[in-house]
Amino acid sequence: MDATIESTQLQVKRNDPLLTSFTIQPPWSDAMGELGGEIGQDIGKNTQLTCVRVDFEGVQHENGVTATSFLPFFRGLAQNRSINKICLTNCHYGLFGTGILEILVPFLEQNHQLRGLDLYRSHLGSVGARMLSGALERRRVKSLTRMNLGYTRIFGESAVEELLAALSGYKNLRELNLEGTNIGFNACTLLSNKLHTHLLSVKTLRLTGLDDNKLVRLAASLATNSTLQTLKLSRNPTITNTGWFALSFLLQNANCKVSTLNLSDNTISTDAAVDLAN
């Protein structure tokens, strides 16, 4: 059973023993601060619960709800060890920076059931990214299969590199979304090396922020990678024919298993498009 509720209806179904998925979304009210701790405790004890989603859009703009309103909720949720997917979308830096991520670090380290981590359009910053990297690195069971950092704000190339380094050993990771992150050449090289040596065995990879040099480096890893099946490179406007022809050449390698390629919203010449199509 899935409960999708607004903060004004937080008391609904939270004690249901059949509840497996729990979603909180706007519009917000001060009920989040009043009931958050109770709800969090209920969620923390619910061993049937497998998925929690919180959409933070509008927080601090509606009815006086602030970052601290969520802390009691997450203290309770962090006790749960059955959740296998957690989605925290549109979470701005003020929220993570006031303790949410710090509260969740033990949950991220010790929940061996966790398979999916979704921080889409959230704001980690460099400090938050390093906290997340540390938690991922310290996980004894590398159980993640899906990680969505699409348009997550991470400042500093070194922070992105630390996140990628922390994913070493996650051999079950099948989907990695890095669209909109600040991926520099060194981070791209690190990612390419992990694909080349099979330290990452992702089947689906999404990337933006590439130029010719980064794409050439990434494409080279496809010559030996036999797991990647879907490559999504939409919205990479600085890639020219140099990058596209390099990608096309390596896609033809017998070891390359890429069967789905998304190049939407790019500028690609007719010659490069024909070469890629073949």
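Keep in mind that what you see is a predicted model, and the values were worked out from it rather than measured. (Residues numbered from 1 in each chain as written. Predicted model: local features only at pLDDT ≥ 70, side-chain atom pairs only at ≥ 80, totals over all residues. Heavy atoms only, no water.)

### Quick word on the pairing of strand 4 (residues 85-89)
It is a general feature of regular strands that their side chains alternate between the two faces of the sheet.
Move 1: Taken across its five residues, strand 4 has four buried, putting it largely inside the fold.
Move 2: Both strand 3 (residues 51-55) and strand 4 contribute to a ladder of five bridges, which runs parallel. Paired with Val52 across the bridge in strand 4 is Ile86.
Move 3: Sheet topology note: the strand 4/strand 5 (residues 116-118) ladder contains three bridges and is parallel. Bridging across to strand 5, Ile86 finds its partner in Leu117. (Buried < 20%, exposed > 50% of the residue type's maximum accessible area, 1.4 Å probe, protein only. Helix = DSSP H or I, 4+ residues; strand = E, 2+ residues; numbered from the N terminus. Pairing = 2+ DSSP bridges.)

### Let's talk about unusual backbone geometry
Move 1: The backbone phi angle of Tyr151 is positive, close to 55°, even though this residue is not glycine.
Move 2: Examined against the element boundaries, Tyr151 turns out to sit in the loop between strand 6 (146-148) and helix 5 (157-166).
Move 3: Judged by relative accessible area, which is 24%, Tyr151 ranks as partly exposed.
Move 4: For Arg235, which is not glycine, the phi torsion reads 60° and is therefore positive.
Move 5: By the element assignment, Arg235 lies in the loop between strand 9 (230-232) and helix 8 (241-251).

### What about the nonpolar core?
Move 1: Counting residues in hydrophobic clusters, the biggest one holds 76 residues, and the most contacted among them are Phe74, Met147, Leu176, Leu191 and Leu205.
Move 2: For this core, the element with the highest residue contribution is helix 3 (residues 93-110), accounting for eight residues.
Move 3: When sequence neighbours within four positions are dropped, the list of residues in contact with Leu191 reads Leu164, Leu176, Leu178, Ile183, Leu200, Leu205 and Leu207. (Core = buried A, V, L, I, M, F, W, Y, C linked by side-chain atoms within 4.5 Å. Contact = heavy atoms within 4.5 Å.)

### Section: the pattern of salt bridges
Move 1: In this structure the tally under the stated criterion is seven salt bridges.
Move 2: One salt bridge connects Arg235 with Glu179, and the closest N-O pair in it is separated by 3.6 Å. Linking Arg235 in the loop between strand 9 and helix 8 with Glu179 in the loop between strand 7 (175-178) and helix 6 (185-196), this pair joins segments that are 56 residues apart in sequence.
Move 3: Residue classification places Glu179 among the buried positions, given a relative accessible area of 8%.
Move 4: By sharing partners, the salt bridges in this structure join Asp118, Arg146, Glu175 and Arg206 into a single network. (Salt bridge = Lys/Arg side-chain N within 4 Å of Asp/Glu carboxyl O.)

### Quick word on the pairing of strand 2 (residues 21-25)
Move 1: Among the five residues of strand 2, four are classified as buried, and the element is accordingly described as predominantly covered.
Move 2: Of the pairings in the sheet, the one linking strand 2 to strand 3 comprises four bridges and is parallel in character. Counterpart to Ser21 in the pairing with strand 3 is Cys51.

### Looking at the packing of aromatic side chains
Move 1: With the rule as written, the count across this model stands at four aromatic pairs.
Move 2: Judged by centre distance (6.2 Å) and plane angle (20°), the rings of Phe56 and Phe74 are stacked. Highlighted residues: Phe56 in the loop between strand 3 and helix 2 (71-77) and Phe74 in helix 2, separated in sequence by 18 residues.
Move 3: Judged by relative accessible area, which is 1%, Phe56 ranks as buried.
Move 4: For Phe74, a relative accessible area of 0% puts it in the buried group.
Move 5: A ring pair is formed by Phe73 and Phe74, whose centres lie 5.1 Å apart and whose planes are at 85°; its orientation type is edge-to-face.
Move 6: Overall, the relative accessible area of 0% leaves Phe73 in the buried class.
Move 7: Each member of the aromatic cluster is reached from another via a ring pair, and the members are Phe56, Phe70, Phe73 and Phe74. (Phe/Tyr/Trp six-rings, centres within 6.5 Å; stacked < 30°, edge-to-face > 60°.)

### Side note on the packing of helix 6 against helix 7 (residues 212-221)
Move 1: Relative orientation of the contacting elements helix 6 and helix 7 amounts to 10°, with a least axis distance of 8 Å. Relative to helix 7, helix 6 is oriented roughly parallel. Each of Phe185, Cys188, Thr189, Ser192, Asn193, Leu195 and His196 in helix 6 lies in contact with helix 7, whose residues at this interface are Asn213, Lys214, Arg217, Leu218 and Ser221.
Move 2: Looking at side-chain class alone, the contact of helix 6 with helix 7 contains four nonpolar, six polar and two charged residues. (Axes fitted to C-alpha atoms, helices over the stretch in contact; angles between N-to-C directions. Parallel < 35°, antiparallel > 145°, perpendicular 65-115°, else oblique. Nonpolar A, V, L, I, M, F, W, Y, C, P; charged D, E, K, R; others polar.)

### So, helix 8
Move 1: When we look at burial in helix 8, the residues that qualify are Gly243, Trp244, Ala246, Leu247, Ser248 and Leu250.
Move 2: Each element contacted by the buried residues of helix 8 is listed here: helix 7, strand 9, strand 10 (260-262) and helix 9 (270-277).

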